[in-house]
Amino acid sequence: MKEKPTPIKELSDAKQQDLEKNRSYSDNRAMTTDQGLKINDDNNSLKAGDRGSALLEDFILREKITHFDHERIPERVVHARGSGAHGYFKLYKPLNKYTKAKFLNDTTVNTPIFARISTVAGSRGSTDLPRDVRGFALKFYTQEGIYDLVGNNMPVFFIQDAMKFPDLIHAVKGEPHNEIPQAASAHDTFWDFISLMPESMHMIMWAMSDRAIPRSLRMMEGFGVHTFRFINDKNESHFVKFHWKPKLGTHAVLWDEAQKISGKNSDFHKLDLWEAIDQGNFPEWELGVQIIPEADEHKFDFDLLDPTKLVPEEVVPVTPIGKIVLNRNPDNFFAETEQIAFHPGHIVPGIDFTNDPLLQGRLFSYTDTQLSRLGSPNFHEIPINRSIAPVHNNQRDASMRQEINTGKVAYFPNSLGGGCPFQSKIADGGFTSYDERIEARKVRERSTSFADHFSQARLFFDSQTPTEQNHIIKALRFELGKVETVAIRLRTLGLLAQIDNKLATKVAEGLGLEVPQPEKPMNKGVGADADESQEPIQKNQKVKSSDALSMIKNPTLSNTIATRQIAFLCNEGVNDESVENMRNALETAGATVKIIAPHLGTIKTEKGKNLTVDQSYLIAASVLFDGTFIPDGKNSKDLAQMPEVREFINDSFKHCKFIAADNRAKEVLKNTDAKPNTDMGVLTDSANLSKDFIKKLGTHRFWQREKLV
Ligand code: HDE
């Protein structure tokens, strides 16, 4: 059997990359039909006379249009909208004590990866900024085969059992009669379902927090969610939870901003990731693990198999094991980002599953969905899905088979093929499942150890700063405010009260309601046998508050301003030194500066030089930037009269962003909400304005400006 070409290209030099980018038109190739026939006229169909009807004989027209008619494949049923990038994983030190996985033991190899980051509920063309969980899937092309770590940007999930997944997704997607709303959970069916599912409450806290509206895909944490197993070469098992933490820190936008960004640039996250990689600002995460010895399985306040629970980092710290770097944009969105097929069941020796009932259901779902999405069990032959480890087996034929298998033997055991392909001994990398001891009755039941639905929801809420709690309350007011059925609002308030009465009361105030007594949970639904073991319980948690759960208190919070976008609000007569001094300082700190002016092209500076404009006020909006600077200028008074400029500054102020105005530019702030006051994050009159501005920008937002509800 011939070796398959690897899907991963070595990073070539810049020139090669440029050429590759525009390959289809730069290499001087003649245009042909799909059969290789050179085309003489690609502009006109074959007609009976120049004004006559088209001829059926025109095989060139028919081939082109037939191909076009079939260009679409079904979008993913969930996670339809995604962005992808190539990169690598670099291990810090061998993990042989815990796992025999080769890519987790060899520090000399950079394992190629492809990452796909997605929203969950929306269609492929939906906005990048709905309130939603982000999928964070990593494909590792290891020397022992493909390993997929198919995670999310939140460490827990809405449901405990795969049986509820279709219900969850049907509830959150656009309602079936009119497919409204698109990519939004703020509607009746979602909250109807949630209000009847107390197990969702922990995840609801995450989904209503700012984690659901990231500033950038490069500024999100990743989590494997389920508990997995590491298996070492002595066949010893350790439980493992995966985390990956962004080098740039974990940051979000505000909900008002998210909604405005969706209007101004619904590709905001996609473009941000693409541009960062294109400009060589390669996004980086540190991959870490929480390792739990098998003997400690039952030492926690919750069940390790329950995907609605996390292991607090105060109880089991996260040990960094390597870094993930994304350093190459895909050449073709469809071929790579759309056709990539992840599956939590793609594992390598040294990694194994647990009996988490959500994970167990996923192990069935992913191959099944690829069959309907990609149309064939040969989806592993699509270049982006190919293993770099050679593939030899007796699987044959099926739709769109690429491999041309030779010989007459396609079965095992055989003697005619010399016994090939042969099975591998464990010592030679042959995979065996972990021989977990199981003695059990066959039951359709939920373990009572899964019944505490509120304690970790409370842990999450209690771990947040007042600002973050405020955002959760406002998010719940917004979401439930969009729910039309009052009974659903009330039922949800009943559940929130079991997390925290203050939370429920604050949400209720916004809805003009009283917090009701909680109703009995309806996990089993009408008609099922009553089962008292389904009653939620509350267990005392050892950890009462965890800084790692708050984005603002997070120990990995990074104060860098690298890759942050800063708007310079300019007009004719802008002062040369003011622009250049601030620009140099910001760019030296790694930020990107954009000159905004009344029109594109150039504007004249105070010294009469031409200053190139990046965006006009028609295109620019404060929500697309991290900070605003108004340079000194002889025509600051005119700038102050522009409604677009006032709106820009007011939005920036409302969203708690830092604003700096130099010298005469203070005039521009006069008719805005942003009155000069360093204590309020509006910087003017500073001896070292750029230094002060950079320091403030590093803290991301000036939250004190926000009123708590
Ligand atoms: Fe998925 N999920 N999922 N999921 N999931 C899919 O597979 C499913 C779950 C996740 O960028 C689908 O190829 C079930 C948890 C990501 O291509 C599908 C259950 C987590 C992606 C599917 C879950 C995830 C998917 C749709 C409950 C976080 C996008 C297309 C038992 C740990 C991967 C596809 C990409 C995609 C099923 C729950 C993450 C239908 C049945 C929990 C990141 O197979």
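Since this is a predicted model, take the numbers as computed values, not measurements.

Enquirer: Hey, could you run me through the coordination of the iron atom of the ligand in this one?
Expert: Note on metal sites: the ideal angle is 109.5 degrees for four tetrahedral donors, and 90 or 180 degrees for six octahedral donors. Protein coordination of the iron atom of the ligand is limited to a single donor, Tyr-366 (OH), positioned at 1.9 Å. Assignment of secondary structure puts Tyr-366 in helix H10 (residues 357-374).

Enquirer: Where do I start with the site of the ligand in this structure?
Expert: Within the structure, the ligand sits among 23 residues, and Arg-76, Arg-116, Ser-365, Tyr-366 and Gln-370 are positioned closest to it. In the environment of the ligand, an oxygen atom lies 3.0 Å from a nitrogen or oxygen atom belonging to the side chain of Ser-365. Tyr-366 is positioned such that a nitrogen or oxygen atom in its side chain is 2.7 Å from a nitrogen atom of the ligand. Those elements giving two or more residues to the shell around the ligand turn out to be strand S3 (134-142), strand S4 (145-152) and H10. Per element, the largest residue contribution to the shell around the ligand is six residues, and it comes from H10.

Enquirer: I'm lost on the pairing of strand S6 (residues 228-231) in this one. Help?
Expert: Two faces, one strand: in a regular strand the side chains alternate between the faces of the sheet. Side-chain alternation along S6 places Phe-228 and Phe-230 on one buried face and Arg-229 and Ile-231 on a second face that is also buried. Pairing of S6 with strand S7 (residues 237-246) involves four bridges; the strand directions are antiparallel. The partner of Phe-230 across the bridge, within S7, is His-238. The antiparallel hairpin formed by S6 and S7 contains five residues in its connecting segment, where Asn-235 sits at a positive phi of about 65°. Pairing of S6 with strand S10 (residues 351-352), which is carried by two bridges, proceeds in the antiparallel orientation. Pairing of Phe-230 across the sheet is with Ile-351, part of S10.

Enquirer: Explain the environment of Lys-247 to me, please; I cannot follow it from the model alone.
Expert: Tracing the chain through its elements places Lys-247 in the loop between S7 and helix H7 (255-264). Linking Lys-247 and Met-220, residues 27 residues apart in sequence, is a C-alpha distance of 9.5 Å. Among all residues touching Lys-247, those that are not within four sequence positions of it are Glu-284, Trp-285 and Ser-558.

Enquirer: Explanation requested: the packing of aromatic side chains in the structure shown.
Expert: Aromatic ring pairs are defined here through the distance separating the ring centres and the angle between the ring planes. Here the structure, examined in full by the defined rule, presents 20 aromatic pairs. Considering the side-chain rings of Phe-103 and Phe-140, the 5.2 Å spacing of their centres and the 45° angle between planes classify their relative orientation as tilted. In this pair, Phe-103 sits in the loop between strand S1 (82-91) and strand S2 (110-119) while Phe-140 sits in strand S3, placing the two residues 37 residues apart along the sequence. Its relative accessible area of 0% is what places Phe-140 among the buried residues. For the ring pair Phe-158 and Phe-190, a centre distance of 6.1 Å and an interplane angle of 90° mean the geometry is edge-to-face. Linking Phe-158 in the loop between S4 and helix H4 (165-172) with Phe-190 in helix H5 (residues 188-195), this pair joins segments that are 32 residues apart in sequence. A relative accessible area of 8% places Phe-158 in the buried class. For Phe-190, a relative accessible area of 3% translates into the label buried. Through a chain of ring-to-ring contacts, the aromatic side chains of Phe-157, Phe-158, Phe-165, Phe-190 and Trp-191 assemble into a single cluster.

Enquirer: Quick question: what am I supposed to make of unusual backbone geometry here?
Expert: Excluding glycine, most residues fall at negative phi; most peptide bonds, likewise, are trans. Following Ile-180, the chain continues to Pro-181 via a peptide bond in cis, the omega torsion being 0°. Relative to the helices and strands, Pro-181 resides in the loop between H4 and H5. Phe-412 connects to Pro-413 through a cis peptide bond whose omega is 5°. Turning to its location among the elements, Pro-413 is positioned in the loop between H10 and helix H11 (455-463). A positive phi angle, close to 50°, is found at Glu-179, a residue other than glycine. By secondary structure assignment, the location of Glu-179 is in the loop between H4 and H5. The class for Glu-179 is exposed, based on a relative accessible area of 57%. Of note in the backbone geometry, Asp-397 takes a positive phi value of approximately 60° without being a glycine. Along the polypeptide, Asp-397 turns up in the loop between H10 and H11. Taking the relative accessible area as the measure of exposure, Asp-397 reaches 54% and is therefore exposed.

Enquirer: How should the side chain of Gln-615 be read in this particular structure?
Expert: Along the chain, the position of Gln-615 falls in strand S15 (residues 615-616). By relative accessible area, Gln-615 is classed as buried at 18%. Dropping the residues within four chain positions of it, Gln-615 is found in contact with Lys-594, Ile-595, Ile-596, Ala-597, Leu-600, Ala-620 and Phe-625.

Enquirer: How should the domain arrangement of the protein be read in this particular structure?
Expert: How big an interface is tends to be stated in terms of accessible area lost as the parts join. Domain annotation for the protein reports domain 1 (56-385) and domain 2 (565-708). One C-alpha centre belongs to domain 1, the other to domain 2, and the line joining them spans 37 Å. At the junction of the two partners, domain 1 supplies 12 residues and domain 2 supplies 13 residues. Summing the contributions of domain 1 and of domain 2, the shared interface buries around 1200 Å²; its carbon and sulfur component is 52%. When the area that domain 1 buries against domain 2 is broken down by residue, the three leading residues are Leu-254, Glu-257 and Lys-264, summing to 40%. Inspection of the domain 1/domain 2 interface yields five salt bridges. Here Asp-256 ties to Lys-654 by a salt bridge, and the two come within 3.2 Å at their closest N and O atoms. Where domain 1 touches domain 2, the interface holds seven residue pairs in polar contact (both at pLDDT 80 or more). In terms of residue count, H7 provides more of the side of domain 1 that touches domain 2 than any other element does, five residues in total. Here the side of domain 1 that touches domain 2 is composed, by residue class, of five nonpolar, two polar and five charged.

Enquirer: So what exactly am I meant to see when it comes to the pairing of strand S12 (residues 592-597) here?
Expert: By the criterion of burial, S12 is predominantly enclosed, with five of the six residues buried. Both strand S11 (residues 565-569) and S12 contribute to a ladder of five bridges, which runs parallel. Counterpart to Phe-568 in the pairing with S12 is Ile-595. Handedness of the β-α-β unit built from S11, helix H15 (residues 576-588) and S12 comes out right-handed. Inspection of the sheet shows S12 paired to S15 by two bridges, in the parallel sense. Looking at the pairing, Ala-597 lines up with Ser-616 of S15.

Criteria and cut-off values
- Residues numbered from 1 in each chain as written.
- Predicted model: local features only at pLDDT ≥ 70, side-chain atom pairs only at ≥ 80, totals over all residues.
- Heavy atoms only, no water.
- Donors = N, O, S within 2.8 Å, 3.2 Å for Na, K, Ca; no water.
- Helix = DSSP H or I, 4+ residues; strand = E, 2+ residues; numbered from the N terminus.
- Near = heavy atom within 4 Å.
- Polar contact = N/O pair within 3.5 Å; in protein donor to acceptor, adjacent residues only side chain to side chain.
- Buried < 20%, exposed > 50% of the residue type's maximum accessible area, 1.4 Å probe, protein only.
- Pairing = 2+ DSSP bridges.
- Contact = heavy atoms within 4.5 Å.
- Phe/Tyr/Trp six-rings, centres within 6.5 Å; stacked < 30°, edge-to-face > 60°.
- Domains from an automatic or database assignment.
- Buried area = accessible area lost by both parts, 1.4 Å probe.
- Salt bridge = Lys/Arg side-chain N within 4 Å of Asp/Glu carboxyl O.
- Nonpolar A, V, L, I, M, F, W, Y, C, P; charged D, E, K, R; others polar.
- Right-handed = clockwise from strand over helix to strand, strands pointing away.

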